[in-house]
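Structural overview for review
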Amino acid sequence: MFSKVNIHFPFFILFICLFFGGYSFVSAQPKIAFKNLLLRVSENPDLSIRDNELEYLSGDPFRVPFVDDVEFRTQTSEWDIVRQQYTVRVSFNGWKERNYYRELQKQMMNTRKLENEMLYHEEIAVAYFSFLDYYYGHRYKEIREKEKKILADKLRVLDILAKKKNELKVKEILSVEDDFYELEMEIVELEAANIRLMESFGITMSNGSDYGIDTTGFISFGKMESSFLRIEENIESHPEIRMRKSQMEETFAEYDLELAKTKKILDFGQVRYAGRNNLGVGNEFSIGFGLRIPIKGSNVVNLRELELEMISDENRVLLEKIELQNDIGSMKSKFTELKRKRDIILEQISRTKSRFEKNNYSNVAINDPLALLDIEESELDRRMEILELEHEMIGIYLTVLNLNGYLSKETVFNYLSEGLDRLN
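Residues numbered from 1 in each chain as written. Predicted model: local features only at pLDDT ≥ 70, side-chain atom pairs only at ≥ 80, totals over all residues. Heavy atoms only, no water.

A word on the environment of L403
- Note on placement: L403 falls in helix α11 (residues 371–403).
- With 75 residues separating them along the chain, L403 and I328 place their C-alpha atoms 7.1 Å apart.
- Non-local contacts of L403, meaning those with residues more than four positions away in its chain, are made with I235, H238, L324, D327 and I328. (Helix = DSSP H or I, 4+ residues; strand = E, 2+ residues; numbered from the N terminus. Contact = heavy atoms within 4.5 Å.)

As structure tokens, this is what we get:
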């Protein structure tokens, strides 16, 4: 009777763990698709607030009129009010000045637009990484729940051994109990983390469930790997680079505007009334104008400052590109390293399975009633390591997409879906 328990009890436990372990009994809940969560990002109030700047700039606030200034001057002649002289002087803005003001406004609008796109890009990236953590948080929890069942089964086996054989293994029982309660604490932490991630998307579950986002159709490792290898380097489309280039063009426009001011020739035109009696209209009125000799003069300081700023802008863009390229190269090397580690663990799992399949499980159970549970626990530990590696590798996949500006392109895909579904 006793040997029968030793042999068949572990088999029963193993059967239960293997049969039910792959299923997650979660009550039906209305779930939100990640695609819809991504589309919500454009509703971020920060983006709409910043649109006020674009709306203001679109009103053409920098439109420069042809007439810059009108002056009215008067002076006396021989202290005789009748001989009072009057002059109206009109200053003008040059055609090139007005043209470069318009160009400056255009560049300022483009820069603000790209700043908004960069903010949108960052929000999209945060959403992707949050969803990735949410998905793997549940995968980790599933494995920890299975490990918890195994430890509970171990405690039952140890209790049976203690009653049947009078073998009370205190240290082993305490060790298993400690592991059991540590797993319980980790599961609680994983549930709390999943709820926080849902709340970051604006989702609140009324019944306390931590499963409110639909994770079906999540990209498989194989699909992710093949997609990762096909990513084309395109850092020019990254919002940061595009914004920096627009800032550089804005400085160019400022420089052209300042240079145009130094080349303005027609300074003013004027009409003067002489205020003399009985001289006739031709003698009473005179017309004059002022011409400027186009030299840089004091504007040379402003021009030099803008030239220095232009050089700095160009260097900044170049450094940003180099940094992005270095980051992408580093991510690809890390991906290769993690892939090798994953392959080693998978090979280890395969070897372990092969080794024990050649042995008689009945004999293993007779010699050590906990052996089958130890084998399954060991495999779950390896599966957990694989999950952690895959989590990190998909994070690298998203990072490389992000560095190349793909996450926020106009025709954007759900890069965490198996079919790379379109969002629009």
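Digging into the packing of aromatic side chains
- Scanning the entire structure with this criterion turns up 12 aromatic pairs.
- Between the aromatic rings of F34 and Y128, the centroid separation amounts to 5.4 Å while the plane-to-plane angle is 70 degrees, which identifies the pairing as edge-to-face. Taken as a pair, F34 in helix α2 (residues 34–40) and Y128 in helix α4 (residues 95–164) lie far apart in primary sequence, 94 residues in all. The burial state of F34 is the same as that of Y128; both residues are buried.
- Taken together, the ring pairs connect F34, Y128, F131, Y135, Y136, Y140, F201, F218, F413 and Y415 into an aromatic cluster.
- In this structure, R342 is placed above the aromatic ring of F221, and the distance from its NZ or CZ to the ring centre is 3.7 Å. (Phe/Tyr/Trp six-rings, centres within 6.5 Å; stacked < 30°, edge-to-face > 60°. Buried < 20%, exposed > 50% of the residue type's maximum accessible area, 1.4 Å probe, protein only. Lys NZ or Arg CZ within 6 Å of the ring centre and 35° of its normal.)

A word on a nonpolar patch on the surface
- Where nonpolar side chains cluster on the molecular surface, the patch consists of V70, F72, Y86 and V88 and spans about 380 Å² of accessible area.
- Contributions of two or more residues to the nonpolar patch are made by β2 (67–77) and β3 (80–92).
- Assignment of secondary structure puts V70 in strand β2. (Patch = residues over 30% accessible without salt bridge, like charges linked within 9 Å, V, L, I, M, F, W, Y side chains within 5 Å. Areas by Shrake-Rupley, 256 points an atom, 1.4 Å probe, with all protein chains shown as cover. Salt bridge = Lys/Arg side-chain N within 4 Å of Asp/Glu carboxyl O.)

Concerning the nonpolar core
- Grouped together as the largest cluster of nonpolar side chains are 69 residues, with contacts concentrated most on Y128, F218, M224, Y397 and L416.
- Of all elements in the fold, only α2, α4, α5 (170–200), α6 (221–229), α9 (299–357) and α11 reach the threshold of two or more residues within this core.
- If one sorts the elements of this core by residue count, α4 sits on top with 18 residues.
- Here Y397 is in contact with I219, M224, S227, F228, I231, Y415, L416 and L420, once residues within four sequence places are set aside.
- Ranked by size, the runner-up nonpolar core spans 5 residues in total, among them Y255, L259, L306 and M310. (Core = buried A, V, L, I, M, F, W, Y, C linked by side-chain atoms within 4.5 Å.)

Brief notes about α6
- All of the buried residues along α6 are F221, M224, S227 and F228. Axial view of α6: buried residues confined to an arc of 130 degrees, hence all on one face. (Arc of directions from axis to C-beta.)

Concerning the pattern of salt bridges
- This model, assessed by the stated rule, comprises 22 salt bridges.
- In this structure, the salt-bridge partner of K148 is E184, at a minimum N-O distance of 3.3 Å. Within this pair, whereas K148 is found in helix α4, its partner E184 is found in helix α5, the two being separated by 36 residues in sequence.
- Overall, the relative accessible area of 26% leaves E184 in the partly exposed class.

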